[in-house]
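Take a look at the letters that make up each chain.
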Amino acid sequence: MPEENEYLFGTHDDELRRLGFQHQVWIREAAAAWELAGLGAGSHVLDLGCGPGYTTCDLALLVGEAGSVTGVDVSPRFVAHTRAQAAARGLGNVVAHVQDAESLDLAAGKFDGVYSRWVLTYLRRPEAAIRGAARALKPGGRMVIHDYSHYEGLQLVPEHPAFRRGIDIVVAQWRESGGDPGVGARLPAMMSDAGLEVLSITPVQRVARPGDVLWRWPRTFFDNYLPALVASGAMTEDERLAFDAAWQAAEAHPGGFFATPPMLEVLAIRH
């Protein structure tokens, strides 16, 4: 299907499962950001780049029947999944549209809040997405975004050159596709340029030990994406095997740990 190519990592069933697990692993940080932004009962929220709708549906529960959540995503398959999830959970306050985040077609001043997580990092023109979302905010509305500020800063200990080589390949492909794995560092300036006042900039990073639920999070990504890199010729099979061996060595080491890629939470308000 054409929409399978709309994301760097695809929209296939394995990716749907990965995104669902990822949402569960990071729901604590998302919920804290929603509270910080003042989102609650009766709020009307834009889920920018909603993906398959896991966040959309949780936001819909948060805002209740008096509120609403609008999810927009470029992938028809993801939007269909969002609608199906909302229907299955009896969430009549969810609407989802196929829209490119870089060219939003939304009514001005419609939303009390905007949330987005790991979306801008994949866009060629993230500043266009910020401008469009800012226009859609009501005066006093708030935008809160989670995104990577320095993906290369992730750390696996004990360190191994094969792991670092694999990450370098991932980042190179990311940038070649037009994304920016450090977009979070540019968020405050982009928000300011869009007419918003930045209220807070907060670092977000976690550490996982082998056996932790979070330890599984990067593996779900690597297991889905590295074989695709091998198939495309960007990575050799020997490089993939060496990468996996480095991970397994860290998993078996009594001092092994993984530090997630540095991310920023940026909150801004429209006056």
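Quantities reported herein were computed from a predicted structural model and do not represent experimental measurements.

Draft legend 1. Structural view of the pairing of strand β4 (residues 111-117). With respect to burial, β4 is a largely interior element, six of its seven residues being buried. For strand β1 (residues 44-48) and β4, the ladder comprises three bridges, and the chain directions are parallel. The residue of β4 that forms the bridge with V45 is G113. The sheet contact formed by β4 and strand β5 (residues 137-148) spans six bridges and is parallel. If you follow F111 over to β5, its bridge partner there is L137. On the question of chirality, the crossover connecting β4 to the parallel β5 by way of helix α5 (residues 126-135) is right-handed.

Draft legend 2. Spotlight on the environment of F222. Note that F222 resides in helix α8 (residues 213-232). In sequence terms F222 and V79 are 143 residues apart; their C-alpha atoms lie 25 Å from each other. When near neighbours in sequence (up to four residues on either side) are disregarded, F222 contacts Y151, F163, I167, P227, F243 and W247.

Draft legend 3. Spotlight on the nonpolar core. Grouped together as the largest cluster of nonpolar side chains are 31 residues, with contacts concentrated most on W26, Y151, F163, I167, W217 and F222. Put simply, the parts of the chain that give this core at least two residues each are α1 (13-25), α6 (161-176), α8 and α9 (237-252). Looking at which element gives the most residues to this core, the answer is α8, with eight residues. Setting aside anything within four residues of it in sequence, one finds Y151 in contact with I167, V171, W174, P181, F221, F222 and P261. Within the second largest apolar cluster, 26 residues are counted, among which are V72, L123, M143 and L187.

Draft legend 4. View of the pattern of salt bridges. As enumerated under the stated definition, the model contains 14 salt bridges in all. E102 is paired through a salt bridge with R125; the nearest N and O atoms lie 3.5 Å apart. With E102 in the loop between β3 (94-98) and β4 and R125 in the loop between β4 and α5, the pair connects residues that are 23 residues apart, well separated along the chain. Taking relative accessible area as the criterion, E102 reaches 15% and is therefore assigned buried. Classification of R125 by relative accessible area gives partly exposed; the value is 37%. Across the pair R175 and E152 runs a salt bridge, and its minimum N-O distance is 3.3 Å. Pair noted here: R175 is in helix α6 and E152 is in the loop between β5 and β6 (155-157), with a separation of 23 residues, a long-range link. Among the residues examined, E152 registers a relative accessible area of 23% and is labelled partly exposed. Among the charged side chains, a salt-bridge network with shared partners connects R219, D223, E237, R240 and D244.

Draft legend 5. Local environment of the sheet that holds strand β10 (residues 263-270). Strand order in the open sheet formed by seven strands is β3-β2-β1-β4-β5-β10-β7, and the pairing between neighbours is mixed. The two strands at the open ends of the sheet, each matched to only one other strand, are β3 and β7 (196-204). Taken pair by pair, the neighbouring strands of this sheet meet at an average axis angle of 15°, ignoring direction. The strands touched by helix α4 (residues 76-88) are β2 (68-73) and β3; relative to β3, the strand with the most contacts, the crossing angle is about 170°.

Draft legend 6. Expanded view of α5. Within α5, seven of the ten residues are buried, which leaves the element mostly enclosed by the surrounding structure. Every buried residue of α5 is accounted for by P126, A128, A129, I130, G132, A133 and A134. Structurally, α5 contributes buried residues whose contacts are with β1, β4, β5, α7 (187-193), β7 and β10.

Basis of the calculations
Residues numbered from 1 in each chain as written. Predicted model: local features only at pLDDT ≥ 70, side-chain atom pairs only at ≥ 80, totals over all residues. Heavy atoms only, no water. Buried < 20%, exposed > 50% of the residue type's maximum accessible area, 1.4 Å probe, protein only. Helix = DSSP H or I, 4+ residues; strand = E, 2+ residues; numbered from the N terminus. Pairing = 2+ DSSP bridges. Right-handed = clockwise from strand over helix to strand, strands pointing away. Contact = heavy atoms within 4.5 Å. Core = buried A, V, L, I, M, F, W, Y, C linked by side-chain atoms within 4.5 Å. Salt bridge = Lys/Arg side-chain N within 4 Å of Asp/Glu carboxyl O. Axes fitted to C-alpha atoms, helices over the stretch in contact; angles between N-to-C directions.

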